[in-house]
Amino acid sequence: MNAPAYNFAYLDEQTKRMIRRAILKAIAIPGYQVPFASREMPMPYGWGTGGVQVTAAILGPQDVLKVIDQGSDDTTNAISIRKFFAKTAGVGTTTATDQATVIQTRHRIPEAALHENQVLVYQVPIPEPLRFLEPRETETRRMHALAEYGLMHVKLYEDIARFGHIATAYAYPVKVNARYVMDPSPTPKFDNPKMDNCPALQLFGAGREKRIYAIPPYTQVVSLDFEDHPFEPYRFNAPCALCGAENSYLDEIVTDDRGSRMFVCSDTDYCEGRQAAGHHGALSAAPYKDKAQGDANG
Amino acid sequence: MADLLEADQPLLIADSLSKSYGRIAACREVSFSLYPGEVLAIVGESGSGKSTLLQLLSGQLAPSGGHVSYRMRDGVTRDLAALGEAERRLLFRTDWGFVHQDPAQGLRMAVSAGANVGERLMAVGWNHYGRIRESASDWLTRVEIDVARIDDAPRTYSGGMRQRLQIARNLVTGPLLVFMDEPTGGLDVSVQARLLDLLRTLVAELHLAVVIVTHDLAVARLLSHRVMVMKGGRVIETGLTDQVLDDPREPYTQLLVSSILPP
């Protein structure tokens, strides 16, 4: 610990216990939103206050932390949170997915397969999947309690009626363990299949809405759909311009004001790893500087 | 034959229902039985307890005294108060319908007409878009709404269309009992006439039992088999529609009937 002015991982022990109790309950009832006494964190709501509290509660001195924001390790949000825990908990940080034990994420699941010794912590803005159809919290709680999820299909029906296909591209509702319908946070639906039967523990923290929910390892997660309009993950039909990957989730980057654009992997660690291993895309700047892997100074 | 036997037993039984709000008794000792396929109109002036009674009957309000029993699809008559919340809500989505006076209360104004009709089907587990849509268009046709408007939100509909859409939404799961709270209130006269005509056809076709609350005696005359007249929370007169309206016994009913302007 290099900052004695803070308790380990910023939060006091009582708060961490309270959050851990909520997490345990969430794990016991997969997909159920457990209310918890969310604290003010030294960052604005919407920047991951829920995820940060969950991370603070589960972090141990031996953990290695990775933080991604839309797949990227080097955005302001990701760097700030990584530095925050490097300073308040003194834990090791990394950008390499396979070396991390705790991965806090905003809106993506890493491309690399997760393993049993990892915990994925999601930052969640709005935990209630039924919210935009049913504004009353009392009513949505009752609907969850009685497993009345017809309304969720109304949303998908509307998509097909308007666009001819299920146009929901992110925050695509899933049913966890054949019981609770859950909002997977605004991850692209491309990532939904990765949640199913995942070896890593997945925790979801919503700070402003004061909810924690979880998917235990190896739990069934099914994306909702219609028989005649089955769930389909979406991906831009292009290889990554930097590493040539054909099966990763891509970001579209506008490169000038004349309609040119390039598609690159949203998962920077995955993309850099592939480039270091010698894969190249149409626009990769050769020669690739083979640093960046396992960069431990966050 | 089985249907005939079943028709011998009441579908809904109210047993000395009472509801008081503090010292105000909104509903006192109301008892009746409703049989399958029967249309019962509850008439009376505003404040007479009609709407409270409807809410008691449909299980939305807990009575201060008395019971409501309903004969479920398995033939067993059960006390509504003894049903679990899940069962009660399931009843509301399948066996029952509730047509509100203001369609905005009974519809989801922001989602399309098709989804409004299909919601109940999806709630009971329909999972095939094509079939849900087919059923929705079928019902829109039956309530005389142009199928081309299936993807429009009800907020773009006229008042009469909204009310018809609300009816379709309620009838799509083939309910046995429909509660209606002033279904023609707030509509202009020509639209009212058309709606009543439609309702009468559907009720007869589907052999629905209906409890309809109205202050409009013409509605009661057109739709209902039996009439209950309420005043001050009490049922003061009840009987066959024609009998009550043509030959009212109570002074209040006489007043009510005579207050209709001759056409």
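Description of the structure in this document. Within each chain, residue numbers correspond to sequence positions counted from 1 in written order. Chain A is the first chain written and ligand 1 is the first ligand written, with later ones labelled in order. Whole-chain, interface and lining totals are the exception, using all residues; otherwise, since this is a predicted model, local features are given only for residues with pLDDT of at least 70 and side-chain atom pairs are given and counted only at 80 or more. Water and hydrogen atoms play no part in the side-chain values, which are based on all heavy atoms of the structure.

## So, the interface of chain B and chain A
Right, so step 1: Taken residue by residue, the interface counts 22 residues in chain B and 21 residues in chain A.
Right, so step 2: Interface of chain B and chain A: buried area, both sides summed, is about 1,800 Å²; carbon and sulfur atoms make up 54% of it.
Right, so step 3: Accessible area that two parts lose when put together, with a 1.4 Å probe and added across both, is what the buried area reports. When the buried surface of chain B facing chain A is broken down by residue, B:R89, B:N127 and B:Y129 rank first, second and third, together holding 37% of it.
Right, so step 4: What makes a salt bridge here is a side-chain nitrogen of Lys or Arg within 4 Å of a carboxyl oxygen of Asp or Glu, nothing more. Our enumeration of links across chain B and chain A arrives at 6 salt bridges.
Right, so step 5: B:R93 is the partner of A:E148 in a salt bridge, and the nearest nitrogen-oxygen pair spans 2.8 Å.
Right, so step 6: For this analysis, a polar contact is any N or O atom pair within 3.5 Å, provided that within protein one partner can donate a hydrogen and the other can accept it, and provided that sequence-adjacent residues contribute only side-chain to side-chain pairs. One can count 14 residue pairs in polar contact (both at pLDDT 80 or more) joining chain B with chain A.
Right, so step 7: Each helix is a run of DSSP H or I of at least 4 residues and each strand a run of E of at least 2, with the numbering of both proceeding from the N terminus. Sorting the residues of the side of chain B that touches chain A by element identifies helix 3 (85-93), helix 5 (113-123) and helix 6 (129-142) of chain B as the ones contributing at least two each. Residues count as neighbours in contact if any of their non-hydrogen atoms are within 4.5 Å of one another.

## Examining the pairing of strand 2 (residues 24-34) of chain B
All names here are of chain B.
Right, so step 1: DSSP-based pairing: two strands are paired if at least 2 bridges between them are found. Pairing between strand 1 (residues 12-21) and strand 2: 7 bridges, direction antiparallel. Each residue of the ladder has a partner; that of L17, found in strand 2, is V30.
Right, so step 2: Counted between consecutive antiparallel strands, the loop separating strand 1 from strand 2 contains 2 residues, among which G22 sits at a positive phi close to 60°.

## Observations regarding the environment of B:Q243
Right, so step 1: Along the chain, B:Q243 falls in helix 10 (residues 241-246).
Right, so step 2: Taking the C-alpha atoms as reference points, B:Q243 and B:L195, separated by 48 residues in sequence, lie 25 Å from one another.

## Some words on the sheet that holds strand 5 (residues 77-79) of chain B
Note on sheets: strands pair through backbone hydrogen bonds, and any given pair is parallel or antiparallel.
All names here are of chain B.
Right, so step 1: Pairing is antiparallel across the open sheet formed by 4 strands, whose spatial order is 2-1-4-5. Here the strands that pair on one side only, and so sit at the sheet edges, are strand 2 and strand 5. Pairwise comparison of adjacent strand axes, ignoring direction, gives a mean angle of 25° for this sheet.
Right, so step 2: Against the sheet, helix 2 (residues 50-57) engages strand 1, strand 2 and strand 4 (65-71), with an angle of about 125° to strand 1. All axes here are fitted lines through C-alpha atoms, helices being fitted over the stretch that makes contact, and every angle between N-to-C directions spans 0 to 180 degrees.

## A short note on the packing of aromatic side chains
Right, so step 1: Only rings of Phe, Tyr and Trp enter the pairing, Trp through its six-membered ring, and a pair is recorded when the two centres are within 6.5 Å. The plane angle decides the type: under 30 degrees is stacked, over 60 is edge-to-face, the rest tilted. Taken as a whole and judged by the stated rule, the model has 17 aromatic pairs over all chains.
Right, so step 2: Arranged with centres 6.0 Å apart and planes meeting at 65°, the rings of A:F226 and B:Y129 form a pair that is edge-to-face. Placement of A:F226 in the loop between strand 10 (221-223) and strand 11 (250-254) and of B:Y129 in helix 6 is noted, with the two residues assigned to different chains. Take A:F226 and B:Y129: they sit in the same class, and that class is buried.
Right, so step 3: Ring geometry for B:Y70 and B:W96: centres 5.3 Å apart, planes at 90°, overall edge-to-face. One end of the pair, B:Y70, is in strand 4; the other, B:W96, is in strand 6 (residues 96-99), and 26 residues separate them in sequence. Taken individually, B:Y70 and B:W96 each receive the classification buried, so the pair is uniform in this respect.
Right, so step 4: Clustering of aromatic rings is evident, with ring pairs tying together B:Y70, B:F92, B:W96, B:F98 and B:F179.
Right, so step 5: The criterion is that NZ of a Lys, or CZ of an Arg, lies within 6 Å of the ring centre and within 35 degrees of the ring normal, and then a charge sits over that ring. Its end group placed over the ring of B:W139, B:R142 keeps NZ or CZ at 4.5 Å from the ring centre.
Right, so step 6: Here the basic side chain of B:K231 rests over the ring of B:Y252, its NZ or CZ set 5.5 Å away from the ring centre. When a residue's accessible area, from a 1.4 Å probe over protein chains only, is under 20% of the maximum for its type it is buried; when over 50% it is exposed; and in between it is partly exposed.

## What to know about unusual backbone geometry
Residues and elements named next belong to chain A.
Right, so step 1: The phi torsion at A147 lies on the positive side, around 55°, for a residue other than glycine.
Right, so step 2: Within the fold, A147 resides in the loop between helix 4 (137-145) and helix 5 (150-163).
Right, so step 3: We note that Y218 has phi near 55°; this positive angle belongs to a residue other than glycine.
Right, so step 4: Note on placement: Y218 falls in the loop between strand 9 (211-215) and strand 10.

## Side note on the pairing of strand 1 of chain B
Right, so step 1: Sheet topology note: the strand 1 of chain B/strand 4 of chain B ladder contains 5 bridges and is antiparallel. Bridge pairing in strand 4 of chain B links B:S18 to B:G65.

## Brief notes about the side chain of A:T168
Residue and element names in this part refer to chain A.
Right, so step 1: Checked against the element boundaries, T168 lands in the loop between helix 5 and strand 6 (174-176).
Right, so step 2: Within polar-contact distance, the side chain of T168 engages the side chain of D159 at 2.5 Å.
Right, so step 3: If sequence neighbours within four positions are ignored, T168 has contacts with K155, L156, D159 and K189.

## Examining the sheet that holds strand 7 (residues 177-181) of chain B
Residue and element names in this part refer to chain B.
Right, so step 1: In space, the 6 strands of this open sheet follow the order 6-7-8-3-9-10, with mixed pairing throughout. Of all strands in the sheet, those with a lone pairing partner are strand 6 and strand 10 (234-240), marking the two edges. Averaged over neighbouring strand pairs, the angle between their axes works out to 15° when direction is ignored.
Right, so step 2: With 5 bridges joining them, strand 3 (residues 39-43) and strand 8 (residues 209-214) adopt parallel strand pairing. If you follow I42 over to strand 8, its bridge partner there is V213.
Right, so step 3: The sheet strands contacting helix 2 are strand 3, strand 6, strand 7, strand 8 and strand 9 (226-231), and the helix crosses strand 8 at an angle near 155°.

## Points about the pattern of salt bridges
Right, so step 1: Counted by the stated rule, this structure contains 34 salt bridges over all chains.
Right, so step 2: A salt bridge links A:E148 to B:R89, with the shortest nitrogen-to-oxygen separation between them at 2.7 Å. Linking A:E148 in the loop between helix 4 and helix 5 with B:R89 in helix 3, this pair reaches from one chain into another.
Right, so step 3: For A:E148, a relative accessible area of 12% translates into the label buried.
Right, so step 4: With a relative accessible area of 17%, B:R89 lands in the buried category.
Right, so step 5: In this structure, B:E119 engages B:R169 in a salt bridge whose closest nitrogen and oxygen atoms are separated by 3.0 Å. Placement of the pair is B:E119 in helix 5 and B:R169 in helix 7 (residues 159-171), with a sequence separation of 50 residues.
Right, so step 6: Taken together, the shared-partner salt bridges connect A:E134, A:R136, B:R108, B:E119 and B:R169 into one network.

Function cannot be read off these values alone, since they describe shape.
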